[in-house]
Amino acid sequence: MTLFLHNPANPAHLEDLRSRMTAQLTGPHGLSGRDQTRIERLIEVVRAMDEGAITSGQALEAFGQAAIPGFSFGRWLVDMVDEGVYLEAVYDDAA
């Protein structure tokens, strides 16, 4: 499924995603360089999804392979649908 952002000019959802993943990966000594790289790669996955280069299913697969403990990309997508960032069509693919 090809998806389009409800408001493509607003990248706030990417900052929300970055913040949520950072919160899950930040340990007592801060965020490791490796984890920071993983976060940035996943942000690029979502950016590709936003641009229609990959489907939400492919993004879900990429996040499944990255496995950030305590973070669910599917749940994040549902939250973004609830907030009006994505059109309802993404919810059907993520469910």
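All of the points below concern the structure found in this document. (Residues numbered from 1 in each chain as written. Predicted model: local features only at pLDDT ≥ 70, side-chain atom pairs only at ≥ 80, totals over all residues. Heavy atoms only, no water.)

This part covers the packing of helix H1 (residues 12-25) against helix H2 (residues 33-50). To characterise two packed helices, one gives the angle between the axes of the helices and the distance between these axes. The geometry of H1 relative to H2 is characterised by a closest axis approach of 10 Å and an angle of 150° between their N-to-C directions. When the interaxial angle is binned, H1 and H2 end up roughly antiparallel. In terms of crossing hand, the pair formed by H1 and H2 is right-handed. Each of His 13, Leu 14, Leu 17, Arg 18, Met 21, Thr 22 and Leu 25 in H1 lies in contact with H2, whose residues at this interface are Asp 35, Arg 38, Ile 39, Glu 40, Leu 42, Ile 43, Val 46, Arg 47 and Asp 50. Across the contact of H1 with H2, the residue classes tally to eight nonpolar, two polar and six charged. (Axes fitted to C-alpha atoms, helices over the stretch in contact; angles between N-to-C directions. Helix = DSSP H or I, 4+ residues; strand = E, 2+ residues; numbered from the N terminus. Parallel < 35°, antiparallel > 145°, perpendicular 65-115°, else oblique. Left-handed = near helix turned anticlockwise from the far one by under 90°. Contact = heavy atoms within 4.5 Å. Nonpolar A, V, L, I, M, F, W, Y, C, P; charged D, E, K, R; others polar.)

Moving on, we come to the packing of H1 against helix H4 (residues 73-82). The geometry of H1 relative to H4 is characterised by a closest axis approach of 12 Å and an angle of 145° between their N-to-C directions. Crossing geometry of H1 relative to H4 is assigned as right-handed. Here His 13, Asp 16, Leu 17 and Arg 20 of H1 lie close against H4, whose contacting residues are Trp 76, Asp 79 and Met 80. Partitioning the contact of H1 with H4 into residue classes produces three nonpolar, one polar and three charged.

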